[in-house]
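Residue-level structural notes
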Amino acid sequence: MSTDFKIEYLRNYIRFNRIVFGLLLAMALFVRGSGFTDSNFVIIYYSLAAIFMLIFDEIIFTGRVQKIEQKKAKFPTILIQIRTYLYVTIMSVGAIFKVLPSILLVSILLSIIYIIVQDMFFSDMFNTFSNLLRLIITMTVSSVLLYFVQFRHQVDGAWLLMFVVSTALTLLVTYIIYDIYSATIKSMDDKYTKLYFTNTDLMAENDKLIEFREKVEKVNSEINYQRINLTKANDDLEKTNEETRSLIEVMKYFSASFEVEKNVHVMLDNIMNVKKAGAVGFYIDKDVYMNDEPCLDVIAVNSVSGTLIKQDLIDIYNLIKKRNTVDPLVLCENYDFKYPFLTGGNICNAVAFPAYENESVYGVMVVTSSKYEFFLNGYSFYESSVMDFTSALISDRLYLKTEDMAKKDGLTKIYNRIYFNQFYPELKDEVSGTGETLTVAMMDIDHFKKVNDTYGHLAGDEVIKMVAKVDAKYAKKYGGTAVRFGGEEFLLILKGVGINEAYNILDDMHKEIVDTVVEFEDLKIKVNVSMGLASYPETCEDVGEVVDRSDQALYYSKEHGRGRITIDGREGE
């Protein structure tokens, strides 16, 4: 009998005992209340016997079952046997003092048989003669005690025969129960033995199958491992191909575009699409590609990451400039920040990639991500992107210089008359189509020939450069265009600026030019300018006449005292 089975048996054992002893208590009360007996001894004795057996079972077995489950106690085989003798004796002795009603006698006899059967089940010793003899003796004693008084008082003359027959029948029933259960156990044991050996053979075969299965699983594992490696290699190859294709497409764009800022944005957008970064920013220092101001562009999946890069990108560039290497700089690796940059957001990884030409750093690209191990596959794609951009930048710079030389005056570095003749017709068509305001100011340096004759042509060049510088300053400030129209003549073209606002701008320009002293060698030269101002459609209805009308207004200024501003159509004011 297995341990789990015995534990479950004990639980049922306690449960059924409560029912049997409860019924015995109820039967004792019933026979007294129904008039089967008038003996108070019977009711009191067997009621107390039933209560005692209930309490004894609860105390002895209920707590012990829990200890057996916890492996803190053994199975109470001895207690079961002692309990059998005790309970059989208690229920049998009562019959010595009083004749029991038949219904109560039968109940007690069935209870005794029930306890004997429990002993059989639990003792687990069906093949021993001593166990059979013990149970027969116990049942014999109880039968003698129960039947002796019972039949002696009820059957005159034949009581001994009735006593012997009843005792023999009781023992026969007990033996039959024992024999049936023993035969059943032996039969089950034989089946168990056969099943055991069959199971042993099956287990041996199963062990072989398990060993074979383990070999198959090992082979499958190796195949799966190779498959995973192959899949990973294919994925890596596909990603590499995708990255290579994207870099080729970006290079194609670079080759067709000479706008550096747009090229920067296309490169950053490609990185975001291919690598799924959190944010990427690029900073280029000023004077790298004829840019007066630094270039800074950022693309981010959220505003926080974009703001962090914008506010720290210049400081990161300055840190890169101080290093003696152009290798990538790890700013943050899996939330471990190496430098006090980009903190405050959900940035897990960040790396700065220097942009350099001939080992000289001119900018930096920063890539961030909120993903763990984002740069696990290395930096080659990002470095290639920056190197491709640098190659394109060198070509762009050469193109821009060549274009700048064609568009701008060599002395003043503002747009020349040739470029004016190219872009101004397009500007007129645009303004004519939209009806937008177009204001043109023409200015001329007063007595410039006298400056050349007095101080020399080199000094005259410095004067021209000063006036052109002021013209370019105000053009940039108000979104206009500065042009050297002739030798000492200049234009300031303002789109979307009305005549009155333009007059105020020219007034500020005039004051700055007059107040500026040109220093050349040991000379200090002060100059003045005359200005003419015309506007479409405020002073002239034909946009094609704006330049001519501003020239006429300038002529009026020069003819009427010089050093003044004349508005077209308001010459007398």
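See the structure shown above.
So, here's what we can say about the structure.

The rules behind these values
- Residues numbered from 1 in each chain as written.
- Predicted model: local features only at pLDDT ≥ 70, side-chain atom pairs only at ≥ 80, totals over all residues.
- Heavy atoms only, no water.
- Pairing = 2+ DSSP bridges.
- Helix = DSSP H or I, 4+ residues; strand = E, 2+ residues; numbered from the N terminus.
- Axes fitted to C-alpha atoms, helices over the stretch in contact; angles between N-to-C directions.
- Contact = heavy atoms within 4.5 Å.
- Expected span 1.5 Å × (residues − 1).
- Bend = angle between axes of the 7 residues up to and from the residue.
- Buried < 20%, exposed > 50% of the residue type's maximum accessible area, 1.4 Å probe, protein only.
- Polar contact = N/O pair within 3.5 Å; in protein donor to acceptor, adjacent residues only side chain to side chain.
- Core = buried A, V, L, I, M, F, W, Y, C linked by side-chain atoms within 4.5 Å.
- Phe/Tyr/Trp six-rings, centres within 6.5 Å; stacked < 30°, edge-to-face > 60°.
- Salt bridge = Lys/Arg side-chain N within 4 Å of Asp/Glu carboxyl O.

Looking at the sheet that holds strand 7 (residues 438-445)
Read from one edge to the other, the open sheet built from 5 strands follows the order 8-9-7-12-13, with strand pairing classed as mixed. The sheet is open, and its two borders are formed by strand 8 (481-484) and strand 13 (565-567), each paired with just one other strand. For this sheet, the mean inter-axis angle between neighbouring strands, taken without regard to orientation, is 20°. Helix 13 (residues 499-515) contacts strand 7, strand 9 (489-495), strand 12 (529-536) and strand 13 of the sheet and is inclined by roughly 165° relative to strand 12.

Overview of helix 10 (residues 417-434)
Here helix 10 is 18 residues long and its end C-alpha atoms lie 25 Å apart, about the 26 Å a rise of 1.5 Å per residue gives. Phe423 marks where helix 10 bends most, by close to 30°; the proline Pro425 follows one to four residues later. Taken together, the buried positions of helix 10 are occupied by Tyr419, Phe420, Phe423, Tyr424, Leu427 and Val431. Contact partners of the buried residues in helix 10: helix 9 (380-407), strand 7, strand 8, strand 9, strand 12 and helix 14 (546-559). In this structure Asn416 caps helix 10, since a side-chain oxygen of it lies 3.3 Å from the backbone nitrogen of Ile418. Gly435, located one to two residues past helix 10, shows a positive phi value of around 75°.

Details of the nonpolar core
Ile445, Leu492, Leu506 and Met509 are the most contacted members of the largest nonpolar core, which totals 35 residues. Mapped onto this core, the elements with two or more residues apiece are strand 7, helix 11 (448-455), helix 12 (457-477), strand 9, helix 13, strand 10 (517-520), strand 12 and strand 13. Residue contributions to this core peak at 9 residues, all from helix 12. When residues no more than four places from it in sequence are discounted, the contact partners of Ile445 are Val463, Ile464, Val467, Glu488, Phe490, Val527, Asn528, Val529 and Lys558. Formed by 33 residues, the second largest nonpolar core is a distinct cluster that contains Ala277, Ile299, Phe381 and Leu400.

Examining the sheet that holds strand 1 (residues 279-284)
Sheet strands line up and pair through hydrogen bonds in the backbone, either parallel or antiparallel. As summarised here, the arrangement of the 6 strands in space is 2-1-6-5-3-4, forming an open sheet in which the pairing is antiparallel. Strands with a single pairing partner mark the edges of an open sheet, and in this sheet they are strand 2 (295-300) and strand 4 (336-337). Strands strand 1, strand 2, strand 3 (329-333), strand 5 (349-357) and strand 6 (360-369) of the sheet are contacted by helix 8 (residues 303-322), whose axis makes an angle of about 145° with strand 6. Lying over the sheet, helix 9 contacts strand 1, strand 5 and strand 6, oriented at roughly 30° with respect to strand 5.

Focus: the packing of aromatic side chains
Under the counting rule described, the total for this entry stands at 21 aromatic pairs. Summarising the aromatic geometry, the rings of Phe21 and Tyr87 are spaced 5.6 Å apart at their centres and angled 80° between planes, so their arrangement reads as edge-to-face. Pair noted here: Phe21 is in helix 1 (residues 3-33) and Tyr87 is in helix 3 (residues 77-97), with a separation of 66 residues, a long-range link. Tyr87 shares its class with Phe21; the two are buried. Relative to Tyr87, the ring of Phe56 has its centre 5.9 Å away and its plane inclined at 70°; by these criteria the two rings are edge-to-face.

Describing the pairing of strand 12
A large share of strand 12 lies buried, amounting to 8 of its 8 residues. Of the two faces of strand 12, the one holding Val529, Met531, Leu533 and Ser535 and the one holding Ser530, Gly532, Ala534 and Tyr536 are both buried throughout. By the bridge criterion, 8 bridges tie strand 7 to strand 12 in an arrangement that is antiparallel. Paired with Ile445 across the strands is Val529, a residue of strand 12. Here 3 bridges tie strand 12 to strand 13, and the two strands are oriented parallel to one another. Looking at the pairing, Leu533 lines up with Ile567 of strand 13.

Side note on the side chain of Asn349
As for its position among the elements, Asn349 is in strand 5. When its relative accessible area of 4% is taken as the criterion, Asn349 is described as buried. A polar atom in the side chain of Asn349 sits 3.0 Å from the backbone nitrogen of Asn334. Engagement of the side chain of Asn349 in a polar contact is seen with the backbone oxygen of Lys371, the distance being 2.9 Å. Here Asn349 is in contact with Cys332, Glu333, Asn334, Val367, Thr368, Ser369, Lys371, Tyr372, Glu373, Phe374 and Phe375, once residues within four sequence places are set aside.

Focus on the pattern of salt bridges
One pass over the full model with this rule turns up 16 salt bridges. The salt bridge involving Lys495 is made with Glu430; its shortest N-O contact spans 2.9 Å. With Lys495 in strand 9 and Glu430 in helix 10, this residue pair connects regions lying 65 residues apart in the sequence. For Lys495, a relative accessible area of 34% translates into the label partly exposed. What makes Glu430 partly exposed here is its relative accessible area of 39%.

All we've got here are geometric facts, nothing functional implied.
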